[in-house]
Amino acid sequence: MEKVQNKVDVFRGILPAIILTFLAITMILIAYGPETISPVLHDIFHDFRHAIGIPCH
Amino acid sequence: MELNMDWKESIKTGAIAGALWGGLSFFITRFSRGLLDLHLEGTILQDVATFIFAGGVFGIVYLGILMALEKKLPGDSLIVKGIMVSLFIWGILLLAGIAYAHFDPGRYHVAFGQVIHGFILTILLGGILGAFIGKRKVS
């Protein structure tokens, strides 16, 4: 019972951070549009993606 | 042997182990890129930062899944279990990448040498994660 309560407390503790992160990401997507953000993310991690063998251009 | 690590400790351990793996992956990739016909586009500084950051993210996710599945996996060795989980997640990522290549072959393509490279790095990540949690809070 105590373990379950601890898990609930942990979840309640990190829930505001999860919601804030989600809203911040949504705000950035609204502001710039996903089509402008995805190429940047693609380029930033391009070399890493190739190194771990994930198909790329 | 039972893992006894809280979520804060597991995030910290995953981030440190993953960042270490990212750094090692960077060095390995710099030396092996000739064999892979891999043209790195980033500068050394940019690649060091992105490999360490991405490694840290991967480490946290992989370790979280390892912690969740640890009791259900066969065997006693945490390193072997880490490698199993690591290969499983990487396999899913690879399959999704192959699906991308299938639907958009003009943009994405599978490079066999890089897949082998990724396979070896994934085994390394699983081994590092297993070794890290083996040295931490295990009772």
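By convention here, each chain's residues receive numbers from 1 onward along its written sequence. Each chain gets a letter, beginning with A, and each ligand a number, beginning with 1, in the order they are written. Owing to the predicted nature of the model, reporting of local features is limited to residues with pLDDT of at least 70; listing and counting of side-chain atom pairs is limited to 80 or more, with chain, interface and lining totals taken over all residues. With hydrogens and water set aside, each side-chain value is computed from the structure's full complement of heavy atoms.

1. Concerning the overall build of chain B
When you go through chain B residue by residue, the secondary structure sums to 4 helices and 0 strands. A helix here means a DSSP run of H or I that spans at least four residues, while a strand means a run of E at least two residues long, and both kinds are numbered starting from the N terminus. The order of helices and strands in chain B, counted from the N terminus, is α-α-α-α. Note that the radius of gyration is over C-alpha atoms, with the globule rule given as 2.2 Å times the number of residues to the power 0.38. Taking 139 residues into account, the globule formula puts the C-alpha radius of gyration at 14 Å, and chain B, at 16 Å, falls close to it. By its C-alpha atoms, chain B is 50 × 35 × 25 Å across when sized along the principal axes. A sequence separation of at least 24 residues applies to 77% of the contacts in chain B between residues at least 6 apart. Of the roughly 7,800 Å² of accessible surface on chain B, 70% is carried by carbon and sulfur atoms. For this analysis, residues touch if any pair of their heavy atoms sits within 4.5 Å. Throughout, the Shrake-Rupley method with a 1.4 Å probe supplies accessible areas, and for residues the shown protein chains are the sole cover considered.

2. Topic: the interface of chain A and chain B
The interface is formed by 17 residues belonging to chain A together with 31 residues belonging to chain B. Across the interface of chain A and chain B, roughly 2,000 Å² is buried in total on both sides, 67% from carbon and sulfur atoms. When the area that chain A buries against chain B is broken down by residue, the three leading residues are Asp47, Phe48 and Pro55 of chain A, summing to 31%. Criterion for a salt bridge: a side-chain nitrogen of Lys or Arg within 4 Å of a carboxyl oxygen of Asp or Glu. Along the contact surface separating chain A from chain B lie 0 salt bridges. Throughout this description, a polar contact denotes any pair of N or O atoms lying within 3.5 Å of each other; where both atoms belong to protein, one of them has to be capable of donating a hydrogen while the other can accept it, and for residues adjacent in sequence the pair is counted only when both atoms sit in side chains. Between chain A and chain B we count 7 residue pairs in polar contact (both at pLDDT 80 or more) in total. What gets called buried area is simply the loss in accessible area from a 1.4 Å probe that two parts show on being joined, summed for both.

3. What about the packing of helix H2 (residues 44–69) of chain B against helix H4 (residues 112–135) of chain B?
In a packed pair of helices, the relevant descriptors are the angle between the two axes and the axis-to-axis distance. Residue and element names in this part refer to chain B. Helix axes use the C-alpha atoms of the stretch in contact, all axes being lines fitted to C-alpha atoms, and the angles between their N-to-C directions lie in the range 0 to 180 degrees. Where H2 contacts H4, the two axes come as close as 11 Å, and the packing angle between them is 65°. One finds that H2 runs roughly perpendicular with respect to H4. Here H2 runs over H4; the crossing is right-handed. Contact with H2, carried on its side by Phe58, Gly59, Tyr62, Leu63 and Leu66, involves Leu125, Leu129 and Ile133 of H4 and no other residues of that element. Every angle not falling under 35 degrees, over 145, or within 65 to 115 is termed oblique; those three ranges are roughly parallel, roughly antiparallel and roughly perpendicular. By convention, the crossing between two helices is left-handed when the near helix turns anticlockwise from the far helix through less than a right angle, and right-handed when the turn is clockwise.

4. Description of the packing of aromatic side chains
Working definition: an aromatic ring pair is given by the centre-to-centre distance plus the angle between the planes. Here a Phe, Tyr or Trp ring, Trp counted by its six-membered ring, pairs with any other such ring whose centre lies within 6.5 Å, and the pair is stacked when the planes are under 30 degrees apart, edge-to-face when over 60, and tilted otherwise. Under the definition given, this model contains 10 aromatic pairs over all chains. Centroid distance Trp21 of chain B to Phe58 of chain B: 6.3 Å. Interplanar angle 25°. Geometry classified as stacked. Here Phe58 of chain B lies in helix H2 and Trp21 of chain B lies in helix H1 (residues 7–36), a separation of 37 residues in the sequence. With respect to class, Trp21 of chain B is no different from Phe58 of chain B; both count as buried. Ring centres of Tyr100 of chain B and Tyr108 of chain B lie 5.0 Å apart, and the angle between their planes is 35°; on these two criteria the pair is classed as tilted. When accessible area is computed with a 1.4 Å probe and restricted to protein chains, residues below 20% of their type maximum are described as buried, those above 50% as exposed, and intermediate ones as partly exposed. Judged by relative accessible area, which is 15%, Tyr108 of chain B ranks as buried. These aromatic residues form a ring-pair network of at least three members: Phe48 of chain A together with Trp21, Phe26, Phe27, Phe51, Phe58 and Tyr62 of chain B.

5. Looking at H1 of chain B
Residues and elements named next belong to chain B. To estimate the expected span of a helix, subtract one from its residue number and multiply by 1.5 Å. Taking 1.5 Å as the rise per residue, H1 with 30 residues should run 44 Å; its terminal C-alpha atoms sit only 38 Å apart, a clear shortfall. We define the bend at each residue as the angle formed by axes fitted to the 7 residues ending at it and the 7 residues starting at it. Most pronounced at Arg30, the bend in H1 amounts to some 45°. Two residues or fewer after H1 comes Asp37, characterised by a positive phi angle close to 55°.

6. A word on the packing of H2 of chain B against helix H3 (residues 78–103) of chain B
All names here are of chain B. The geometry of H2 relative to H3 is characterised by a closest axis approach of 10 Å and an angle of 120° between their N-to-C directions. The angle between H2 and H3 falls in the class oblique. Note that H2 runs across H3; the crossing there is right-handed. Contacts from Phe58, Tyr62, Ile65, Leu66 and Leu69 in H2 reach Lys81, Gly82, Val85, Ser86, Ile89, Trp90 and Leu93 in H3. Any residue outside Ala, Val, Leu, Ile, Met, Phe, Trp, Tyr, Cys, Pro, Asp, Glu, Lys and Arg is labelled polar, Gly included; the first ten of those are nonpolar and the last four are charged. Its residues assigned to classes, the contact of H2 with H3 shows 9 nonpolar, 2 polar and 1 charged.

7. Topic: the pattern of salt bridges
If charged atoms from side chains of opposite charge come close, those side chains can pair. Residues and elements named next belong to chain B. By the definition in use, this model includes 2 salt bridges over all chains. Of the charged contacts in the structure, one is a salt bridge between Lys81 and Glu70, with a shortest N-O distance of 3.1 Å. Pair noted here: Lys81 is in helix H3 and Glu70 is in the loop between H2 and H3, with a separation of 11 residues, a long-range link. Judged by its relative accessible area of 7%, Glu70 falls in the buried class.

8. As for the environment of Met67 of chain B
Along the chain, the position of Met67 of chain B falls in helix H2. The class for Met67 of chain B is partly exposed, based on a relative accessible area of 24%.

9. Observations concerning the confidence of the model for chain A
Every residue carries a pLDDT, the predictor's confidence in it, which falls somewhere between 0 and 100. In this model, chain A carries a mean pLDDT of 80, and residues with pLDDT of at least 70 account for 84%. Confidence, read as mean pLDDT per element, is least for helix H1 (residues 2–32) of chain A in chain A (77) and greatest for helix H3 (residues 46–51) of chain A (90).

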